[in-house]
Amino acid sequence: LFRVGESKWIELPAMTTVRGEYPATVVTEFGGLPRVFVFGGHDGVKSLNSCEFLDIGGEENRWILVEAKMKTARCFTSAALLDANTVVICGGLPPNDQESTSCEAFDLISHTFSDFADLMEPRSSHAAVNYQGTLIVMGGFNQKKSCERFDIIARKWCPFAPLNEARYYFGATLIEDKIFVAGGDKVDSVEVFDGSVWSIVTKMPQSRISCSVVSLD
């Protein structure tokens, strides 16, 4: 954990389960204290269907395993808040190692999983963000430039403006109502979506794979 005010990193407790290739989502609606939720991943042998969370600054300050299991074990997936009470987990690689279109929703109040509308195309190693009240999924393995937006009214996914560069294993975040994506396998560019189109705004000194992007403001 990086404490911005102190400009230093502090070590956090270990998770209950060894896992890699998983998405993490920060939720701050619980009494003002953030929780970090992680979903699925891979333990080196198999894909996982478990979820756990960390209360940052909470009384226990430890990772807690959620009793409910995801409907599908998956790694290289994405997770993003749809609304204050719902995280949506999209695509990824299930145990059969075939990219998936399946999605599921996690209820932050009841800690249960339920079915959610399938993506338009299979994706893994992609990214997802909440943008203007809905979900955007971007890119993915097999050189994907395509993106999708979840239509809240129709309750289905629809096409969204494509990236300029195909990318997977990349980072994405929101800054001032704009979507920023950076890096990926053999990709050094940074793109921004300004509400209408994607534009390449700069290049990093080197390409970065499996990178993360966060806003400090």
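Details of the structure are given in the entry above.
The structure reproduced in this document is the subject of the present report. (Residues numbered from 1 in each chain as written. Predicted model: local features only at pLDDT ≥ 70, side-chain atom pairs only at ≥ 80, totals over all residues. Heavy atoms only, no water.)

1. Here we look at a nonpolar patch on the surface
Operational definition: In this scheme, patches are assembled from residues that exceed 30% relative accessible area and form no salt bridge. Like charges are connected within 9 Å, while nonpolar side chains (Val, Leu, Ile, Met, Phe, Trp, Tyr) are connected within 5 Å. Per-residue accessibility takes into account occlusion by the displayed protein chains alone, with areas from the Shrake-Rupley method and a 1.4 Å probe. By convention in these notes, a salt bridge is any Lys or Arg side-chain nitrogen within 4 Å of a carboxyl oxygen on Asp or Glu. Helical segments are the DSSP runs of H or I of at least four residues, strand segments are the runs of E of at least two, and each set is numbered from the N terminus.
On the surface, F2, V4 and W9 cluster together to form a nonpolar patch covering roughly 350 Å² of accessible area. Secondary-structure assignment places W9 in strand β2 (residues 8-9).

2. Quick notes on the sheet that holds strand β14 (residues 156-160)
Worth spelling out the cut-off: Two strands pair under a simple rule: DSSP has to find at least two bridges between them. What counts as an axis is a line fitted to C-alpha atoms, over the stretch in contact for a helix, and the angles between N-to-C directions run from 0 to 180 degrees.
If you walk across this open sheet you meet the 4 strands as β11-β12-β13-β14, and the pairing is antiparallel. Each of the sheet's edge strands pairs with one partner strand only, and the pair in question is β11 (127-131) and β14. The average angle at which neighbouring strand axes cross in this sheet is 30°, direction not considered. Relative to β14, strand β13 (residues 147-151) is paired through 5 bridges, and the arrangement is antiparallel. Along β14, the bridge assignment pairs F150 with W157.

3. With respect to the environment of T101
Along the polypeptide, T101 turns up in the loop between β8 (86-90) and β9 (103-107). Distance in space between the C-alpha atoms of T101 and A117 is 8.9 Å, their sequence separation being 16 residues.

4. Regarding the packing of aromatic side chains
Worth spelling out the cut-off: Between rings of Phe, Tyr and Trp, where Trp is taken as its six-membered ring, a pair exists when centres lie within 6.5 Å; planes separated by under 30 degrees are stacked, by over 60 edge-to-face, and by other angles tilted. Classification of residues uses two cut-offs on accessible area relative to the type maximum, computed with a 1.4 Å probe and protein chains only: under 20% is buried, over 50% is exposed, and between them is partly exposed.
By the definition in use, this model includes 15 aromatic pairs. Between F116 and F150, the aromatic rings sit 4.7 Å apart at their centres with planes inclined by 40°, giving tilted as the arrangement. With F116 in strand β10 (residues 112-116) and F150 in strand β13, this residue pair connects regions lying 34 residues apart in the sequence. With a relative accessible area of 12%, F116 lands in the buried category. Taking the centre distance of 5.4 Å and the plane angle of 50° together, the rings of F193 and W198 count as tilted. One exposure class covers both F193 and W198, and it is buried. Following the ring pairs from residue to residue traces out a cluster consisting of F37, F39, F53, F106 and F113.

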